[in-house]
Amino acid sequence: MIGVGKAKQYANVLDKPLSRGRQEVSLSAFAFLFSELVQYNQTQVDNIAELERRLEDAGYAVGARVLELLCHREKGNRRETRLLGILSFIHSTVWKVLFGKVVYLITFCIWKDNLYQKRYVADSLEKGTEHEDEYMISEKELLVNHMGAFNCGAFVAGIVRGVLDSAGFPAVVTAHFVPIEGQQRPRTTILIKFAEEVLRREARLG
Amino acid sequence: MTSTACFVIVSRNDIPIYEAEVGSAPKKEEIAYQHQFVLHAALDIVQDLAWTTSAMFLKGVDRFNDLVVSVYVTAGHTRLMLLHDSRNEDGIKSFFQEVHELYIKILLNPLYLPGSRITSSHFDTKVRALARKYL
């Protein structure tokens, strides 16, 4: 029968409920969209550094929205006020929602097909040993680096920076390739360096 | 029974992105300016208080004559501030939660720049309807 099971049409987006919906997105669709994003930016810039900066800005917009949405959905309206709290929020909740179960909350729209399934989990959250204000998220196979020859980790670094900045923890976030013995594919590491004021506030809060 | 209520949404950078007088009292220009002034003055207190707790609803943070300022801080440090004279805390909390959901829906729009003014008339209508319902 036509129309059976069709979702109710809402006149305005503000009337639509904020429910989770189906949580899988087609990997091919995301790959297509992301490759178009990269190619579009490539036509606008002269060098790789500028391209990475643009990808980071695109990720920043995603990060700001992901923070609000996930805190509302997953954490029952509790905010993170401590450094380790926000880092573990990123490392577990954000990664699980964005990459763990193949859910890509991308800024433009949410695709609702399910053609591909793969699981991975961000490997570990480590403290950079040289400086007090540096932390690293290290991942064996960053999804966005499966496509293309150069480092699209800048997009993910932008997402992390968006989450941190919106939550009140300004930081410089960069993505690096780290070659590992015995594996032909280098690990991607997201390096997070917090601003002075964050450390001062953390010290003050005890 | 007339009630005074002034509702403001202030972004992370301390810029108001939405303002509305939602009380049922008759609107007067001078009083409206005074309300906005009181709300802005309360921002300092909110800033300190926000880092001491992980809850989103901070109850009465400041007083002015017989008006109370209640604040709800979102994860992205956007503050929903209400200046009111009623004591109905549950109603105010529900009001904040509903407006928070509306705000998230606005924020999810990729063409909306976070921190810019909310110009949607539909949003305005809904906020006023919620205010009539809960306050």
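Above this note sits the structure.
Description of the structure in this document.

So, how was this worked out
- Residues numbered from 1 in each chain as written.
- Chains lettered and ligands numbered in written order.
- Predicted model: local features only at pLDDT ≥ 70, side-chain atom pairs only at ≥ 80, totals over all residues.
- Heavy atoms only, no water.
- Salt bridge = Lys/Arg side-chain N within 4 Å of Asp/Glu carboxyl O.
- Helix = DSSP H or I, 4+ residues; strand = E, 2+ residues; numbered from the N terminus.
- Buried < 20%, exposed > 50% of the residue type's maximum accessible area, 1.4 Å probe, protein only.
- Lys, Arg positive; Asp, Glu negative; His and termini not counted.
- Contact = heavy atoms within 4.5 Å.
- Pairing = 2+ DSSP bridges.
- Axes fitted to C-alpha atoms, helices over the stretch in contact; angles between N-to-C directions.

## Here's the deal with the pattern of salt bridges
Residue and element names in this part refer to chain A.
- Inspection of every chain in the model, using the stated rule, returns nine salt bridges over all chains.
- Glu202 is the partner of Arg82 in a salt bridge, and the nearest nitrogen-oxygen pair spans 3.2 Å. A residue pair is termed long-range when its members are at least 10 positions apart, and Arg82 in the loop between helix 2 (48-73) and helix 3 (83-100) and Glu202 in helix 5 (residues 196-205) qualify at 120 residues.
- Taking the shortest distance from any N to any O, the salt bridge between Glu196 and Arg200 comes out at 3.7 Å. With Glu196 and Arg200 both in helix 5, this residue pair falls four residues apart, about one helical turn. Across the pair, exposure class does not vary: Glu196 and Arg200 are exposed alike.
- In the salt-bridge network here, residues are joined through shared partners; they are Glu50, Arg53, Glu56, Asp57 and Arg161.

## Topic: the side chain of Lys105 of chain B
- Here Lys105 of chain B shows up in helix 3 (residues 89-108).
- The buried charged residue Lys105 of chain B lacks any salt bridge partner; its closest oppositely charged side chain belongs to Glu101 of chain B, at an N-O distance of 4.5 Å.
- For Lys105 of chain B, the residues in contact, after removing those within four places along its chain, are Val13, Leu14, Asp15, Lys16, Pro17 and Leu18 of chain A.

## Points about the sheet that holds strand 3 (residues 57-64) of chain B
All names here are of chain B.
- Strand order in this open sheet of five strands is 2-1-5-4-3, and the pairing throughout is antiparallel. Pairing within the sheet leaves two strands with one partner each, and these edge strands are strand 2 (16-21) and strand 3. On average, each strand axis in the sheet is inclined to that of its neighbour by 15°, with strand direction left out of account.
- With six bridges joining them, strand 1 (residues 5-10) and strand 5 (residues 79-84) adopt antiparallel strand pairing. Its bridge partner lying in strand 5, Phe7 is registered against Leu82.
- This element, helix 1 (residues 29-41), spans strand 1, strand 2, strand 3, strand 4 (67-73) and strand 5 of the sheet and lies at about 130° to strand 5.
- Each of strand 1, strand 3, strand 4 and strand 5 touches helix 2 (residues 43-50); the most contacted strand, strand 3, lies at about 150° to it.

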